[in-house]
Amino acid sequence: MQIQDILKAEFNHHVTFRERRPGVLQVIAPLYHEDGDMVDLFLDSPRSPGAPIRITDHGMTLMRLSYSYEIDTPTKRKILDRILSENGVSESQGRLFLETTPERIYPALLQFAQTVAKVSNMQVFKREIVQNLFYEALNDFVASSLTSYRPQANFQPLPERDDLDVDWRFPLATRDIYLYGVRDGAKARLVGLTCLEFQKANVPFRSVLIHEDFENEMSKKDQRRITNIADKQFATLPDFLVEAERYFAREAATSHVQ
Amino acid sequence: MALFNDAEIDDLISCPKEIFEPPAKTLKLVGGHWRNDAKMKAAADTKGIFFMFMRRNEDLPENFSVGLRYNANDGRSEITLLRCNGKHGEFTGTGDQSHPHWDFHIHKATAIAQDAGFAAEKFAARTNEFASYEQAIQYFVRTVNLSAEAASKFFYDDPQRNLNFTN
């Protein structure tokens, strides 16, 4: 029995095929992405008799994901690799694939389509799975876009107090900027206490807090407390990403970089 | 309840725009696809950032998408307003899965899709506005009302591509 006949029988004839290139057959099956586009499924002919059939997306899954989400950090890459390995799917130069035999073509195709759906939804469940994406994204941005302000990570202004850290220090002429990423109430309280200690020790600095989600991730009490202590806050990371360069340029203009 | 109503979506797509982060001169190959990106802002009062993305599959270059994402920067989620697609596979057109089409097509965000809990740009319609990646770029540039200066500077429309077909 031909592969196409097996799939037609399994899909109850709700499937068809298009030859996209010699040896590359697109499977037109009732499997859709959330935006109505069909899941991109291709069968690459075996390169030699008896060789496995390759089910592949020809790079379409990661291309589609990149419309609104980038695999641009080690953590995101790790999540992608985990989804693929847990589902028995491989990746080579952006193309997902699964090799199988004619007898197992139907379950393998469904398994592959399911994996494509999981990868496509990475942007949706990032919050549930990845605790530190926020810090990673903030750190990436500081390390790539604010380098001219000479950021120093994990700075300790008081040598005798190694329990009081600053996420990022930016040395400006009159007073440093101490920048913190704040994901939740616990971090906000720690930052608040740390800033109060620095103030007590007369450290000249200006605190800048970047919240992951100021309105939804902290209690009203935490919001009030940290607002009373912080010099400047950005309610979300996107807010900071948009304003950061202008903000630092303004700060630097009034306080020449040392 | 839709985060963006249809009138707002139309305004966001058609409001005059300027580029503040230009695209690269050529597409870059990343993984299995060619890509380019640009950032735009509205020329007038509309706040937020518009993201233009251009993607083209390496193995099957007729699979492409040129789209516009918008971040209102006001707490609402980012939304994909528009996507101009090649003939990459069948799509469900009006949402009726019993009538899929195989054609160049345009996804556009709608309130009804958001209300139903779908991706905002779930619904699509076939189009005769373009038949190639290059033509899709030109259609996109006109549709999102990019300034003439930016359009000619970053997305020059080579007249040699424009064949007049009468059939």
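Here, residues in each chain are numbered from 1, in the same order as that chain's written sequence. Written order decides the labels, with chains lettered from A and ligands numbered from 1. Per-residue local features of the predicted model are confined to residues with pLDDT of at least 70, and side-chain atom pairs are confined, for both listing and counting, to 80 or more; whole-chain, interface and lining totals are unaffected and use all residues. Values shown for side chains rest on all heavy atoms present in the structure; no hydrogens or waters enter the calculation.

This part takes up the nonpolar core. To form a nonpolar core, buried Ala, Val, Leu, Ile, Met, Phe, Trp, Tyr and Cys residues must be joined to one another through side-chain atoms within 4.5 Å. Note on classification: 1.4 Å probe, protein chains only; a residue is buried when its accessible area is under 20% of the maximum for its type, exposed when over 50%, partly exposed between these limits. Membership of the largest hydrophobic core comes to 37 residues, with the highest contact counts inside it found for B:Phe50, B:Met52, B:Val66, B:Leu81, B:Phe140 and B:Leu146. Breaking this core down by element, the ones donating at least two residues are helix H1 (6–14), strand S3 (33–42), strand S4 (49–57), strand S5 (64–71), strand S6 (79–85), helix H3 (133–143) and helix H4 (148–154) of chain B. Ranked by the residues each element gives to this core, the list is headed by H3(B), at six residues. Pairs of residues are marked as contacts when any of their non-hydrogen atoms sit within 4.5 Å. The contacts of B:Leu81, once residues within four sequence positions are left out, are B:Ile9, B:Leu12, B:Ile13, B:Phe50, B:Leu68, B:Tyr70, B:His107, B:Lys108 and B:Ala109. Counting residues in hydrophobic clusters, the runner-up holds 32 residues, among them A:Leu7, A:Ile79, A:Leu109 and A:Leu133. The way it works is that DSSP assigns letters per residue, a run of H or I at least four long becomes a helix, a run of E at least two long becomes a strand, and they are numbered from the N terminus.

Residues and elements named next belong to chain A. Where burial is concerned, most of strand S8 (residues 166–170) is hidden: five out of the five residues are buried. Note that strand S7 (residues 152–155) and S8 share three bridges and pair antiparallel. Bridged to Phe 155 within S8 is Val 166. Whether two strands pair comes down to DSSP finding at least two bridges between them. Judged from the three bridges that link them, S8 and strand S9 (residues 176–182) form a sheet pairing that is antiparallel. In the sheet register, Trp 168 faces S9, and the bridge partner there is Leu 179.

Across the contact, 30 residues belong to chain A and 36 residues belong to chain B. Buried area: the accessible surface (1.4 Å probe) lost by two parts on joining, summed over both. In total, chain A and chain B occlude about 2,700 Å² of area from one another, counting both sides; carbon and sulfur atoms represent 48% of this. By convention in these notes, a salt bridge is any Lys or Arg side-chain nitrogen within 4 Å of a carboxyl oxygen on Asp or Glu. If you look at where chain A meets chain B, you find six salt bridges. For this analysis, a polar contact is any N or O atom pair within 3.5 Å, provided that within protein one partner can donate a hydrogen and the other can accept it, and provided that sequence-adjacent residues contribute only side-chain to side-chain pairs. Where chain A meets chain B, there are eleven residue pairs in polar contact (both at pLDDT 80 or more). Elements with a contribution of two residues or more to the side of chain A that touches chain B: strand S1 (16–21), strand S2 (24–28), helix H2 (60–65) and helix H10 (237–254) of chain A. Residue contributions to the side of chain A that touches chain B peak at four residues, all from H2(A).

With that out of the way, let us pick up the pattern of salt bridges. Residue and element names in this part refer to chain A. Evaluated as defined, the whole model comprises 28 salt bridges over all chains. A salt bridge links Asp 167 to Lys 187; its shortest N-O distance comes to 2.9 Å. Of this pair, Asp 167 sits in strand S8 while Lys 187 sits in helix H7 (residues 185–200), and the two are 20 residues apart along the sequence. The same class applies to Asp 167 and to Lys 187, which are both buried.

Position of B:Asp74 among the secondary structure elements: in the loop between S5 and S6. Between the alpha carbons of B:Asp74 and B:Lys47 there is a distance of 8.9 Å; along the sequence they are 27 residues apart.

Residues and elements named next belong to chain A. Read across the open sheet, the six strands follow the order S1-S2-S3-S4-S6-S5; overall the sheet is antiparallel. Looking at strand neighbours, the two that pair on one side only are S1 and strand S5 (90–92), the edges of this open sheet. This sheet shows a mean twist of 35° between the axes of neighbouring strands, independent of strand direction. Where S2 lies against strand S3 (residues 42–44), three bridges are found, and the strand directions are antiparallel. To get an axis, fit a line to the C-alpha atoms, keeping to the stretch in contact for a helix; angles then go from 0 to 180 degrees between the N-to-C directions.

Moving on to the side chain of A:Thr100. Looking at the element boundaries, A:Thr100 is found in strand S6 (residues 95–100). Non-local contacts of A:Thr100, meaning those with residues more than four positions away in its chain, are made with A:Pro52, A:Ile53, A:Ile55, A:Ile105 and A:Ala108.

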